[in-house]
Amino acid sequence: MDKLAYERELNAQGYKYICGVDEVGRGPLAGPVVCAAVIMPLDNLIDGVDDSKKLSAIKRQTLAKKISEKAIALAICRVEPQVIDEINILQATRRCMKNAVESLEIKPDFVITDGNMKLDIDIPQKSIVKGDALSYTIGAASIVAKQYRDKIMEEYDAEYPEYAFASNKGYGTKAHIKGLLEAGICPVHRKSFTKKWQ
């Protein structure tokens, strides 16, 4: 499978700076939603870039470092649980992606996003379902975003050990639910996601 098919097509149309955007953390009960926007050189590829969910933690860590070093431009943004509760997760994700794109040091010519997400930006864009597995650029964004968010959740684990955040990253695992039942919610929980434990 050619993971540069979308990028090559856009190159052929005259677009040079193609930005891939992906989010991590729409589903968890706790922690921020994190988005990464990245413009990668397409003539010097990093081997192994794929949907971040398919990669081991060690592989992700190695690739995230390489992507950060090689990227033409890279930005990571986060939207906190309080804002997610206020505007809902879909709007929070859109805001996060938009902020990431607008935080890039180089303005992209074209933006490709994972999923089905139209952004409020003045740049041509296209959404690609399963884009993190189909596009090299979106795959790179997904790895950087996941690595960044995992680190946040590991830090929260040290602060709130009752919920096993280091292992579940805020998702509703058995250990996490047990923590919620015993300790209730903590400041990094999304209140709109955890109503039954409040």
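Residues numbered from 1 in each chain as written. Predicted model: local features only at pLDDT ≥ 70, side-chain atom pairs only at ≥ 80, totals over all residues. Heavy atoms only, no water.

Once that is clear, we can look at the overall build of the protein chain. Across its full length, the protein chain holds eight helices and five strands. For the protein chain, the N- to C-terminal ordering of α and β elements is α-β-β-α-β-α-α-β-β-α-α-α-α. Radius of gyration (C-alpha) of the protein chain: 17 Å, near the 16 Å computed for a compact globule of 198 residues. Over its C-alpha atoms, taken along the principal directions, the protein chain stretches across nearly 55 × 35 × 30 Å. Burial status across the protein chain gives 50% buried among its 198 residues. Taking as baseline every contact in the protein chain between residues at least 6 positions apart, the subset at least 24 positions apart corresponds to 65%. Of the accessible surface of the protein chain, which amounts to about 9700 Å², a share of 51% is contributed by carbon and sulfur atoms. If the 29 positive side-chain charges of the protein chain are averaged to one point and the 27 negative ones to another, these points end up 3 Å apart. (Helix = DSSP H or I, 4+ residues; strand = E, 2+ residues; numbered from the N terminus. Rg over C-alpha atoms; globule rule 2.2 N^0.38 Å. Buried < 20%, exposed > 50% of the residue type's maximum accessible area, 1.4 Å probe, protein only. Contact = heavy atoms within 4.5 Å. Areas by Shrake-Rupley, 256 points an atom, 1.4 Å probe, with all protein chains shown as cover. Lys, Arg positive; Asp, Glu negative; His and termini not counted. Charge placed at Lys NZ, Arg CZ, Asp CG, Glu CD.)

This structure, assessed with the given rule, holds 13 salt bridges. Here Lys 54 and Asp 50 are joined by a salt bridge, their closest N and O atoms 3.8 Å apart. Here Lys 151 ties to Glu 155 by a salt bridge, and the two come within 3.3 Å at their closest N and O atoms. Within this pair, Lys 151 and its partner Glu 155 are both found in helix α6 (residues 136-159), separated by four residues, close to a single helical turn. Assessed through its relative accessible area of 48%, Glu 155 is described here as partly exposed. Salt bridges sharing partners connect three or more residues here, namely Lys 3, Asp 50 and Lys 54. (Salt bridge = Lys/Arg side-chain N within 4 Å of Asp/Glu carboxyl O.)

With respect to the secondary-structure elements, Leu 10 resides in helix α1 (residues 5-12). Judged by its relative accessible area of 6%, Leu 10 is buried. For Leu 10 and Asp 47, which are 37 residues apart along the polypeptide, the C-alpha to C-alpha distance reads 21 Å. Leu 10 has contacts with Tyr 15, Ile 18, Phe 110 and Ile 112, leaving out every residue within four places of it along the chain.

Turning to unusual backbone geometry, a few remarks are in order. Even without being glycine, Lys 130 reaches a positive phi, approximately 60°. Relative to the helices and strands, Lys 130 is located in the loop between β5 (125-128) and α5 (131-134). Classification of Lys 130 by relative accessible area gives exposed; the value is 60%.

Moving on to the nonpolar core. One recurring pattern in soluble globular proteins: nonpolar side chains tend to sit buried together. Counting residues in hydrophobic clusters, the biggest one holds 31 residues, and the most contacted among them are Met 40, Val 49, Ile 67 and Phe 165. Of the residues forming this core, the biggest block, nine residues, is contributed by α6. Contacts of Phe 165, omitting those with residues within four sequence positions, involve Ala 30, Met 153, Tyr 156, Asp 157, Tyr 160, Gly 170, His 176, Cys 186, Val 188 and His 189. Counting residues in each nonpolar core, the second largest holds 23 residues, with Val 21, Val 33, Cys 35 and Ile 123 among its members. (Core = buried A, V, L, I, M, F, W, Y, C linked by side-chain atoms within 4.5 Å.)

To continue, consider a nonpolar patch on the surface. Nonpolar side chains collect at one region of the surface, where Leu 74, Ile 76 and Tyr 148 lie side by side and expose about 210 Å² of accessible area between them. Tracing the backbone through its elements, the reader meets Leu 74 in strand β3 (residues 73-79). (Patch = residues over 30% accessible without salt bridge, like charges linked within 9 Å, V, L, I, M, F, W, Y side chains within 5 Å.)

Attention now goes to the packing of aromatic side chains. Counted by the stated rule, this structure contains two aromatic pairs. Relative to Phe 165, the ring of Tyr 163 has its centre 5.3 Å away and its plane inclined at 20°; by these criteria the two rings are stacked. Of the residues examined, Tyr 163 reaches a relative accessible area of 2% and is grouped as buried. What makes Phe 165 buried here is its relative accessible area of 0%. One cation-aromatic arrangement involves Arg 190 over Phe 193; the distance from NZ or CZ to the ring centre is 5.1 Å. (Phe/Tyr/Trp six-rings, centres within 6.5 Å; stacked < 30°, edge-to-face > 60°. Lys NZ or Arg CZ within 6 Å of the ring centre and 35° of its normal.)

Below, the discussion takes up the packing of helix α2 (residues 57-70) against α6. Between α2 and α6, the shortest axis-to-axis distance is 9 Å and the interhelical angle comes to 115°. Judged on the interaxial angle alone, α6 and α2 are roughly perpendicular. In the packing of α2 onto α6, the handedness of the crossing is left-handed. Where α2 approaches α6, its residues Ala 57, Arg 60, Gln 61, Leu 63, Ala 64 and Ile 67 are matched on the opposing element by Ala 140, Ile 143, Val 144, Lys 146, Gln 147 and Asp 150. Residue classes in the contact of α2 with α6 are distributed as seven nonpolar, two polar and three charged. (Axes fitted to C-alpha atoms, helices over the stretch in contact; angles between N-to-C directions. Parallel < 35°, antiparallel > 145°, perpendicular 65-115°, else oblique. Left-handed = near helix turned anticlockwise from the far one by under 90°. Nonpolar A, V, L, I, M, F, W, Y, C, P; charged D, E, K, R; others polar.)

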